[in-house]
Amino acid sequence: MKKFIYISLLALIILGGCKKSVDFVPQDKLSAGTFWKSQNDVQLALNGCYGYLANAFNYAYDDGAADNAYCQYPWENNATRVSAGSIDATLDAGYNSRYVFIRRYNYFLDNISKATMDEPLRKRFIAEARVLRAFTYYELAHNFGPVPLLKTSYTDPEETAVAPAPAATVIQFAIDEIKAVEADLPASYSGGAPNQTGRITNGAAWAILTRIQLEYGKYDDAVVSAQKVMAAGYQLFRKTALTANDTKDDYSTLVTFADDAAKQKFYKGLASYQQQFWAANDGNKETILVSQNIQENQSYAPFGNGLRILFATANMGGWSSITPIQGLVDAYWKSDGTTFTPPTPEQRATDFNIKKTPSANYINEFKNRDTRLYASILFPGATWNEYKDGYVFTWAGVAGSESSTGYNFKKYLDPASLASGLEFDAPQDYSIIRYAEILLAYAEAKNEVSGPDATIFAALDDIRDRAGMPLINRTVNNTKEKLREVIRNERRIELAGEGQRFFDIRRWNIAANVMKTPNDIANVIVQERHWQPKFVLMPYPQSALDRNTNLKAPQAAKGY
Amino acid sequence: MIRIRLLLLSVFLTGSFAQAQVRNITGTVRDAATHTPLPGVTVVVKGTTVKAQSNSSGNFVLDLGAEKSPVLIFSYVSYTPLEVPLGNKTHLDVQLTEEKRELNEVVVVAYGTQKKVNLSGAVNTVNTKTIINRPVTSLTNALQGTVPGVAIKSSPGDLGNDLGSINIRGRANLGTSSPLFVVDGVIVTQNDFARINPNDVAAISVLKDASASSIYGARAANGVILVTTKKGNGSPTISYNAYYGRQSATYLPDYTNAYNYAILRNEAETNLGRTPLYNAQTLEAIKSQSNPDLYPNTDWYALILRKSAAMMEHQLSVSGGEKTKYYLSGAFFDQNSLIPGKDLKRYSLRANTETQISDKFKIGSNLSFIRDGYSNDNLEIGFTGIGRSIPLSVAKQSNGDWGSVTAGKENATIAGQNPLRLLQDGGRTNYNTNRFIGTLNGTYTPVKGLDISGLFSYNAYNYFNSSFINTIDPVTGFITHKPLGSTAVTTNQLTEAWQSTSNLLSQATASYEKNIDKNYFKVLAGASYEKAQKRTIRVVRKGFPNNDLNAINAGSTLPANTTAFSDLGDNVPGVGESALASVFARVNYAYADKYLLEASARNDASSKFAPGHRAAWYPSASVAWRISQEDFMKDFTAVNELKLRLSAGKLGNINNVGDYDFYDGLNTGTTVILDQSKQDGVTPGKLANPLLSWEKLTTYNAGLDATLFKSLTLQLDVFSRITKDILLPDPNIPAEAGLASGEEPSVNLGTVKNNGFELSLNYNGKINDFGYSVGGNVSKIWNKVTDLGGANETAPYDTYFINRIGQPVGSFYMWQAEGLFANQADIASHAKQANNPKPGDIKYKDQDGNGVIDGNDRIINGNNVPYFTYGLNLSANYKGFDLSVLSQGVSNVKVYLEAEASQAFFNGAGVKNYVLDRWTVDNPNPNAAYPRVTNDTQNFGLSSFWLFNASYLRVKAITLGYTIPKSILDRAKIKGLRVYASSNNPFTIRGDKRLKDFDPEAPSQRSAYPSLKTFSVGLNLTL
């Protein structure tokens, strides 16, 4: 029995010794309690906030949710269901994913004061984070209308299930935030930590403001904001000297050149517009806010540009996920800058003659058109020798990974990255806001404020000229209403594939007219589309509704 | 040799001293009950080698030699050994009593063994005969259908992922509910357990109630499976067991041929108002197969999968020993996959020893090493990819080039995804795992009844995986004769992943047992400390000069071409440490083997919780009454054994907690590209919960064990298990909190109640030489969520499940499909659905009657957990032949099959034959098996339409064996030889009548490796 006691004692000793040996902390996580000490900590946390700008190429899907394009794979993106008008709470138009970043921003802003660091830099970092937060809230509001407005980090996650703030309040918050901090932001960054290119600049802050103010009809403010950007030294990307590659495609069969100067202008315009989206020209002076991409030599690269797959044709190894629809193709001006009148769909189908070969008449549609059509759209008969010698785009109807509209986007396809067989691994940056948009925003806002004037024409001419197109006709477009139509169409084609059209047709209140069932070249339905007024705003996703009862009434108010 | 010399010596000695010392004793041995003489009884003089055997009349003669006060030991198979001091007698008549096997059957229990009759908790033992000689991939799968209340899901999976999972007595919580596995006293993982060679198993006990398992405290909430591996005894025995079998799929996905695909695809386009894809001419070409280079009829499954794949096992063991007992075993298991090139080899070695060093000191060791893995010259391809390949795509052109044509046109995207090409040319994969478990234990017995034991064990697991993706030349277009650029793979890469885990256990126990008159006491106390560590590294490197290089250092040194991770690509944290410090004690008391009492308690402190919430006590108690031992039962001769058991206790569970869920940590990693390069970032991640604590489970159990007419045994258990403070990722976190999936804090939330019963019946009968037994087991569990922290339900989780008060765990929550829209008028009169329905689309029930189908119309539509399971086991033997049939069934369970598994054309996939019974304009059947076909998703919303019946009754195993008669074997000096043929999963009766091409044991998923059936032949040889 004595021994039994010894053993019991031994057991107790072992146990006593073990009390401390059940203390472990993770070796791959930073302790929140000891973080926020140094400038480096803050820099790392701010990089976490910048994650919002990664993979912005997904904005291209928004064109497919509008009348510019069609997204043929409903299992790939919501855009297919949105454009079809099959919209309910079972889809999430980016609600949950955006609040992930709201959490990061608030966590950052509530803790940055704890670190020991350079004060001006702290101020700048705060400004960067607040602009990112404002931009995110703006994007939430223009998708969903009223949304919960969380401005500080939380301790109990249940606290976040608050009632949505009216969209106007959210938008005013975003505007006020940007205005409060824009002065703390530099005009540009020199590179290297903590001044890497791609961070929010003063110009980016004003550009975001311009976009918000334009979208919410604050035209006076938008004019002012746009002017700030216009004075900041940005300029449209222009290629001043042509290389042999730039003239590899012979456009003389499509475009009638008056003289060699006109030809030069055309080719320069084509190269300038098209190549601003190529990796070789990343960081050109037109970019204001950009989502940087790199090549990672792997499929489904987390930081590659996915349009290499989503826009490209089957024979380029792409999926033709997002393809232009006839309405967009028709929207491109004639080469003289006037409106193109398309043939009837029936006539086009006859000319195209899908079962056999297109008649000579078919290609007339693409003769003497806006340079940007040739730079942006692959249409049957289009050549692209720079991608591959002898390449001709053809279309013979729906087939695996081929376009289901008859067209593919050429814009954003970089021949350099098309050579790779790797999916989602293109290195070209994707513009979130580029200078052309600001010029267009200025033109639109100024025209709404005071009608046509020289500054508006100058802004529009800059865009037209860069694309090798003639200047805006001052005499014809002499009223606010006439010029408005020109600006809207100019905006549609200049920014095609950049995700703006989705919100444009909503703010212009033209969605009911344009969200019509599109047909392909052979005049066959591409997708049956239904429009209801409530589609102006997206529903809160069911997963959010299930966890925040405060969303139920606003959801019903939105008509869902 | 030594023995022979001794024998010679003894002959010599006997010869020399015979004159003086001879003392013969004679006697007779009889059966105590029948008084018939017993032949062949061994009589040994204790402490000597002097022995004799009784003859056919039960008589024996023994030369006692020089022994002064000899004690004779009588032993006979299945009789209780008897020791008789001889005194001065020269003649001895003895009676031996036949052992009642049930009475002396010893059962392995926590930290020791116990006589089965003395058990007061709910413990089931597994008949080890039913788990050997079956062509199954794991010990887990071998257990299927053998124990009531133990549900084993043999989910299909490719090599190494087909080991099955175990659940005891229903889902007590809302997360994983795997039991605790204890092998030779050491806690091991489910994967370690699954890989134990069934031939090495001496005994398996399943501890089901609190009384039996609560001494394992914190981890025993879902029951405990105790395994004891074999030990040797006596003269060396060599045994060899081997089988060879062929595996084939139970069900293969049933895809349509090219012609039906084309017809349906045309119809899908027409249904969307578009023109058909294939004209009459093309359809004719597809039907006649006149030009398979353009319009093929490719059966991808037939091309890629082998019809059958071999598997075999060889196991050799040597065992024996007197003072040092040993069991050495080596096994080789080889299993081919239906996917060519994959050939899993598993090597297992086991060495168990036990040495009686002195009267008081015994030491033992258990060493086991298991290595398995395969080396595959082919690239690992996913079943989703095969499911997405359509019959109109060419796999290989007639000129020998890889397929480039789909439905008459070259298609680079599809050609690039050709699974056959990727399989054969795409790369290679190797993996292997090494599992070492070494245990040393010693027992010191200073006085009779007191055992002081120490145990030290080290469990090391190493995982290695290497996979190489080749650069591949582009496919040459069959029509254009030009290479299709994007089909080339331009960058090769090598991924190497290593994981190393270790588990250290040190444990000390002391037990003391004593009989005082009719009272029996046993006390056990102990302490243990366990520490687990895990490290993982995965490195991906690209840009190797050619595809033959196979080491990380041979790749491109550019920083962009190397990435490193600390998970295995599954997002499961690969780095961690945890520890558990415990003390425990148990008391047993029995009075006259009639009234039994047991009580135990354990305290565990776990590193997985914050200080202050780490430790908890788990007590339990049980009583049993052996009614059959009472005097008043004497006249009921039909009742051989009758025992009533009652138990209650508390258990814990920490299975569903991460190592550091209490810790407020931040994530690191690349978050964005700035300056055209990757930027490290820090982000807030999973929310910490410092208040996190144990999941607590209270169990009540009442049981009845009976043996009637000596041949019918019955075990009935009725139980109630209440789990409180259930651990789960908080399902109620608002979306606005901005937590990505997996970042929800773990919380203690809710209560789940499982009431149920388990019944097993076994009848052994014998008609002359024909012996048979019929066994059945049935288990039913009523599972219900009874509390959710005050709320009536939590928000739906994992897409389609919900927890709601009063409903069982695993409830499917979705719209209820009520057939298909018959016509436009039907749509107009029905509640509004957002998918712009057309006739032939799925109609959802408007539960709240508000005229709109929305989130409020979701209801619970059945369950995915089998709460009713049953098994039927038959066995028979006649002379040398033996036959056994093992079957298992579950009912009332559903499975959600979506995407490629059931939905036509999903993401470019083919279409299954059941879709042919679809709704069409010509046959607008509102109850058709499939809605109108489209190449769109308007019918793919979460609804009960995609729930399929997963009930089944399956014959798990049939075995027919023949034991070669002893008379023949004796001539060859062979102790035993049996040959057998066996089949695993030969027949299935299934509940689903619609889709029919999925295995009912498969989980809700997309395309996956098929479940297998096996036919094998084998032999058992003992030397």
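Structure first, text after, so check above.
In what follows, the accompanying structure is described. Fair warning: this is a prediction, and the values are worked out from it, not measured in the lab.

Description of a nonpolar patch on the surface
All names here are of chain B.
Line of reasoning, step 1. On the surface, a nonpolar cluster with roughly 710 Å² of combined accessible area is contributed by Leu349, Leu367, Phe369, Phe436, Leu440, Phe456, Tyr458 and Leu504.
Line of reasoning, step 2. Every element with two or more residues in the nonpolar patch is listed here: strand S21 (361–376), strand S24 (427–444) and strand S25 (450–469).
Line of reasoning, step 3. Mapped onto the elements, Leu367 comes out in strand S21.

A closer look at the pairing of strand S7 (residues 91–96) of chain B
Put simply, side chains in a regular strand alternate between the two faces of the sheet.
Residue and element names in this part refer to chain B.
Line of reasoning, step 1. Residues of S7 alternate between two faces, with Leu92, Val94 and Leu96 buried on one and His91, Asp93 and Gln95 left unburied on the opposite face.
Line of reasoning, step 2. With six bridges joining them, strand S1 (residues 24–31) and S7 adopt parallel strand pairing. Each bridged residue has a counterpart across the sheet, and for Val29 the counterpart in S7 is Val94.

Here's the deal with the interface of chain A and chain B
Line of reasoning, step 1. With 94 residues of chain A in contact, the opposing surface of chain B contributes 103 residues.
Line of reasoning, step 2. Contact between chain A and chain B buries roughly 8,300 Å² in total, counting both sides, with carbon and sulfur atoms accounting for 58%.
Line of reasoning, step 3. At the boundary of chain A with chain B, the tally comes to five salt bridges.
Line of reasoning, step 4. Measuring nitrogen to oxygen at the nearest pair gives 3.1 Å for the salt bridge that ties Lys678 of chain B to Glu296 of chain A.
Line of reasoning, step 5. Scanning the region where chain A abuts chain B turns up 42 residue pairs in polar contact (both at pLDDT 80 or more).
Line of reasoning, step 6. Elements represented by at least two residues in the side of chain A that touches chain B include exactly helix H1 (2–18), strand S1 (30–31), helix H2 (39–50), helix H4 (79–84), helix H5 (96–111) and helix H21 (542–545) of chain A.
Line of reasoning, step 7. By residue class, the composition of the side of chain A that touches chain B is 44 nonpolar, 32 polar and 18 charged.
Line of reasoning, step 8. By the bridge criterion, two bridges tie S1 of chain A to strand S35 (residues 665–674) of chain B in an arrangement that is antiparallel. Bridge pairing in S35 of chain B links Leu30 of chain A to Leu666 of chain B.

Notes on the sheet that holds strand S5 (residues 71–75) of chain B
All names here are of chain B.
Line of reasoning, step 1. Strand order in the open sheet formed by four strands is S3-S2-S5-S6, with antiparallel pairing between adjacent strands. Each of the sheet's edge strands pairs with one partner strand only, and the pair in question is strand S3 (51–53) and strand S6 (82–85). Averaged over all pairs of adjacent strands, the angle between their axes in this sheet comes to 20 degrees, without regard to strand direction.
Line of reasoning, step 2. When S5 meets S6, the two strands line up antiparallel, connected through four bridges. Looking at the pairing, Leu72 lines up with Val84 of S6.

Comments concerning the environment of Ser450 of chain A
Residue and element names in this part refer to chain A.
Line of reasoning, step 1. Among the secondary structure elements, Ser450 is positioned in helix H16 (residues 435–450).
Line of reasoning, step 2. For Ser450, a relative accessible area of 43% translates into the label partly exposed.
Line of reasoning, step 3. With 399 residues separating them in the primary sequence, Ser450 and Gly51 have C-alpha atoms 40 Å apart.

A word on the environment of Ala261 of chain A
Line of reasoning, step 1. Mapped onto the elements, Ala261 of chain A comes out in helix H10 (residues 260–275).
Line of reasoning, step 2. Residues Ala261 of chain A and Ser31 of chain A, spaced 230 residues apart in sequence, show a C-alpha to C-alpha distance of 65 Å.

Overview of helix H6 (residues 119–144) of chain A
Residue and element names in this part refer to chain A.
Line of reasoning, step 1. When the terminal C-alpha atoms of H6 are compared, their 37 Å separation across 26 residues agrees well with the 38 Å that a helix rising 1.5 Å per residue should span.
Line of reasoning, step 2. Buried residues dominate H6, accounting for 21 of its 26 residues.
Line of reasoning, step 3. A positive backbone phi angle near 75 degrees is found at Gly145, which sits one or two residues after H6.

Remarks on the nonpolar core
Buried together is how nonpolar side chains tend to be arranged in soluble globular proteins.
Line of reasoning, step 1. By size, the foremost hydrophobic cluster in this structure holds 223 residues, and its most contacted members are Tyr95, Phe108 and Tyr137 of chain A.
Line of reasoning, step 2. Phe108 of chain A has contacts with Trp36, Val42, Ala45, Leu46, Cys49, Phe125 and Ala129 of chain A, leaving out every residue within four places of it along the chain.
Line of reasoning, step 3. Grouped together as the second largest cluster of nonpolar side chains are 25 residues, Ile168, Val183, Ile204 and Val227 of chain B included.

Basis of the calculations
- Residues numbered from 1 in each chain as written.
- Chains lettered and ligands numbered in written order.
- Predicted model: local features only at pLDDT ≥ 70, side-chain atom pairs only at ≥ 80, totals over all residues.
- Heavy atoms only, no water.
- Patch = residues over 30% accessible without salt bridge, like charges linked within 9 Å, V, L, I, M, F, W, Y side chains within 5 Å.
- Areas by Shrake-Rupley, 256 points an atom, 1.4 Å probe, with all protein chains shown as cover.
- Salt bridge = Lys/Arg side-chain N within 4 Å of Asp/Glu carboxyl O.
- Helix = DSSP H or I, 4+ residues; strand = E, 2+ residues; numbered from the N terminus.
- Buried < 20%, exposed > 50% of the residue type's maximum accessible area, 1.4 Å probe, protein only.
- Pairing = 2+ DSSP bridges.
- Contact = heavy atoms within 4.5 Å.
- Buried area = accessible area lost by both parts, 1.4 Å probe.
- Polar contact = N/O pair within 3.5 Å; in protein donor to acceptor, adjacent residues only side chain to side chain.
- Nonpolar A, V, L, I, M, F, W, Y, C, P; charged D, E, K, R; others polar.
- Axes fitted to C-alpha atoms, helices over the stretch in contact; angles between N-to-C directions.
- Expected span 1.5 Å × (residues − 1).
- Core = buried A, V, L, I, M, F, W, Y, C linked by side-chain atoms within 4.5 Å.

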